[in-house]
Amino acid sequence: MSKAETTAAPNFIRNLITDERAQGQTTKVVTRFPPEPNGYLHIGHAKSICLNFGLAEQFGGDCHLRFDDTNPAKEEQEYIDSIQEDVRWLGFQWAGEVRYASNYFDQLYQWALHLIREGKAYVCELTPEQMREYRGTLTEPGRPSPFRDRTPAENLAEFERMRAGEYPDGAKVLRAKIDMAAANINLRDPILYRIRHAHHHQTGDLWCIYPSYDFTHGQSDAIEGVTHSICTLEFEDHRPLYEWFLANLPVPHQPKQTEFARLNLNYTVTSKRKLKLLVDQGIVEGWDDPRMPTIAGLRRRGYTPAALRHFCDLIGVTRSNGVVDINMLYHSIRTDLEENAQRAMCVLNPIKVVITNMDADVATQIKAPVHPARPELGERVLPFSAELYIDAEDFMEDPPKKYFRLAPGQEVRLRNAYVIRCDQVIKDEQGHILELQCSLDKETLGKNPEGRKVKGVIHWVSAAHAVPAEVRLYDNLFTVEAPDADKEVDFLAHLNPDSLVSVQAYCEPSLAQAQPETHYQFERVGYFCADRHLCQEGRLVFNRTVGLKDSWAKIQKKGA
RNA sequence: UGGGGUAUCGCCAAGUGGUAAGGCAUCGGUUUUUGGUACCGACAUUCCCAGGUUCGAAUCCUGGUACCCCAGCCA
């Protein structure tokens, strides 16, 4: 993937840091990837991971992995595990131990006390409904809470009782005292702490009050010495608040928040909520279903870390919200696999071919390269015999003009083997084709026939030697470019009923020992990956990662 | 209607006053025992719109327009 360097799209944050360094402003670059463990990572997170870890890599700094775990109700250990696995699989290593915002709960609590003592935070007893009322609207200012002017002493006592578990969930909250009339709603006395009598996956039952995202994030960055706190555009409105905490608390360091546009991909959804719904409703087989845009799903589908990283380089990092064409993703994986995937032949929809002129001169063991452009990868052996399977798509009884494949009286090259001619089509009473009787030209193994050109090449497999395999043909999960564009229509209405078509295929024998997660190009068909969970000797399962480009399909489409 | 953003080819995206990079997609062609790959070529007189400044504007000014985000005790 040497192309990555020459085609990498711009990244305004990288430019920013380059400028800072040129001016001697930046010391060591420290970034962080801060997922909440409430779901699996998806392709959009891959963009963020590549950005944060990539920046640390490029500038010789550190990138931390920090779980933003301030909401125990939604978080689970399974997600913590999967996230770490995904980051590592992508090829990144975080600096030091895995971190958790919950590691800082003590410090955060102390800082809350600090704000209270300074008269900058208070305990509020408004109900959620009242609080909404008091907050005002987008166009109207809010009103101060009746609890806003409690004394620090009273607030200290109340907050201590909250922490001690004297109140039920939701009874009271700690709020910052900022400005109820602020045009930016985030500044209208935001909530710092809420009561949640919930078991936390890291801190157990130590706490029954949990800090909010806003009160946690920037301070965690400060504690860790993060220099560049990179997040998505929707947090831009939170930046004044992020900075307010840093300015009003005795933090050891001043991180800077920078926002970039999150990734949108057409024909897919990238919202944890929607992905979770697909999983929970059993529409897909789990978070790592090969149709899911999760990192685990893409992996199982046959995407490689290199392809995903290349993709992230390709799309660039900007502040404008766009929708990336899924063809970019396809392009990335094809580029990688074209260079690196082993070649094999596999017949998806068999039709029998009988060679009528087999004799002792015809080779029964044919060697073929594992990769035609990379001889160093070695060879495989293809058994050849009088009974073969070819793909039904590669034969037409009444072909159009430009059809280069097999047809009555027409010649075609069997990939890696001989040129054959179809002499006769044998059918049953109903007219279904039973077999194609063909004769081969013995002089065409490894060389072109004399005096004529055979343009077509088709793949095949020896019937007696073929190994059966389950081949899962995956396609987009949705039939429309923007499944969630219409607020009136449920995105599930756009599910592609053919997103998974499973077929019983016949593979060349070298595939019998296919190891899980091995990538192949089934020649002329597409790229496939041995399923990482299911594929084993005796039960082969291959997932179609992406098809080969198919210009014949285009020609046909135009004709139709 | 308040605040915060973004607008350059079908999509992503450079460009920061000197006369529109690149990638994806698309369309031609060459090579080819993968209708794949590779290679060659085509593809924005125009930068959301309208005025203005300037010898010169995608870039500066003015006024519009469109789209995205914000009224969780989610992140």
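Residues numbered from 1 in each chain as written. Chains lettered and ligands numbered in written order. Predicted model: local features only at pLDDT ≥ 70, side-chain atom pairs only at ≥ 80, totals over all residues. Heavy atoms only, no water.

**Student:** Describe the overall build of chain A, and please don't skip the residues or the numbers.
**Tutor:** In terms of helices and strands, chain A carries 14 helices and 25 strands. Projected onto the principal axes, the alpha-carbon positions of chain A cover approximately 100 × 55 × 40 Å. The buried share among the 560 residues of chain A stands at 53%. Taking the intrachain contacts of chain A between residues at least 6 apart in sequence as the baseline, contacts between residues at least 24 apart amount to 71%. On chain A, roughly 25500 Å² of surface is accessible, and the fraction owed to carbon and sulfur atoms is 48%. (Helix = DSSP H or I, 4+ residues; strand = E, 2+ residues; numbered from the N terminus. Buried < 20%, exposed > 50% of the residue type's maximum accessible area, 1.4 Å probe, protein only. Contact = heavy atoms within 4.5 Å. Areas by Shrake-Rupley, 256 points an atom, 1.4 Å probe, with all protein chains shown as cover.)

**Student:** An account of the domain arrangement of chain A is requested, with residue identities and associated values reported.
**Tutor:** Taken domain by domain, chain A comprises domain 1 (3-260), domain 2 (272-343 + 469-559) and domain 3 (346-458). Using C-alpha coordinates to define each centre, domain 1 is positioned 35 Å away from domain 2. Taken together, the contacts link 33 residues of domain 1 with 27 residues of domain 2. Of the roughly 2800 Å² buried between domain 1 and domain 2, counting both surfaces, carbon and sulfur atoms make up 66%. Three residues stand out in domain 1 for area buried against domain 2, namely Tyr-40, Ile-43 and Trp-89, and they jointly supply 27% of the buried area on that side. (Domains from an automatic or database assignment. Buried area = accessible area lost by both parts, 1.4 Å probe.)

**Student:** Summarise the sheet that holds strand 22 (residues 500-507); cite the residues concerned and give the values.
**Tutor:** Strand order in this open sheet of 7 strands is 10-23-24-25-21-22-11, and the pairing throughout is mixed. Two strands bound the open sheet, and with one partner strand each, they are strand 10 (342-344) and strand 11 (346-347). Its contacts with the sheet place helix 13 (residues 326-340) against strand 10, strand 23 (519-522), strand 24 (526-530) and strand 25 (541-547), and it is angled at close to 120 degrees to strand 25. (Pairing = 2+ DSSP bridges. Axes fitted to C-alpha atoms, helices over the stretch in contact; angles between N-to-C directions.)

**Student:** Lay out the packing of helix 12 (residues 305-315) against helix 13 with the relevant residues and their values.
**Tutor:** Taken N-terminus to C-terminus, the directions of helix 12 and helix 13 make an angle of 135 degrees; their axes are 8 Å apart at the nearest point. With respect to helix 13, the element helix 12 is oriented oblique. As helix 12 runs across helix 13, the sense of the crossing is right-handed. Across the interface between the two elements, Ala-306, Ala-307, Leu-308, His-310, Phe-311 and Leu-314 from helix 12 touch Met-328, Leu-329, His-331, Ser-332, Ile-333 and Asp-336 from helix 13. (Parallel < 35°, antiparallel > 145°, perpendicular 65-115°, else oblique. Left-handed = near helix turned anticlockwise from the far one by under 90°.)

**Student:** I'd like a description of helix 3 (residues 43-58), backed by residues and values.
**Tutor:** One full turn of an α-helix is made of 3.6 residues, so residues set three or four places apart face in the same direction. Taking 1.5 Å per residue as the helical rise, helix 3 with its 16 residues ought to reach 22 Å, and the 21 Å between its terminal C-alpha atoms agrees with that figure. For helix 3, the buried fraction is high: 14 of the 16 residues fall into the buried class. (Expected span 1.5 Å × (residues − 1).)

**Student:** Could you give an account of the protein's contact with RNA strand B, naming the residues involved and the relevant values?
**Tutor:** Lining the immediate environment of RNA strand B, one finds 66 residues, of which Arg-343, Arg-405, Arg-415, Gly-446 and Ser-551 sit closest. Backbone sugar and phosphate groups make up 63% of those atoms of RNA strand B lying within 4 Å of the protein. The contact in question runs from a phosphate oxygen of RNA strand B to an N or O atom on the side chain of Thr-70, over 2.5 Å. At a separation of 2.7 Å, a base oxygen of RNA strand B approaches a polar backbone atom of Asn-416. Listing elements by their share of the surface near RNA strand B, those giving two or more residues are helix 6 (128-135), strand 6 (191-195), helix 13 and helix 14 (551-559). A class-by-class count of the residues in the surface near RNA strand B yields 23 nonpolar, 18 polar and 25 charged. (Near = heavy atom within 4 Å. Polar contact = N/O pair within 3.5 Å; in protein donor to acceptor, adjacent residues only side chain to side chain. Nonpolar A, V, L, I, M, F, W, Y, C, P; charged D, E, K, R; others polar.)

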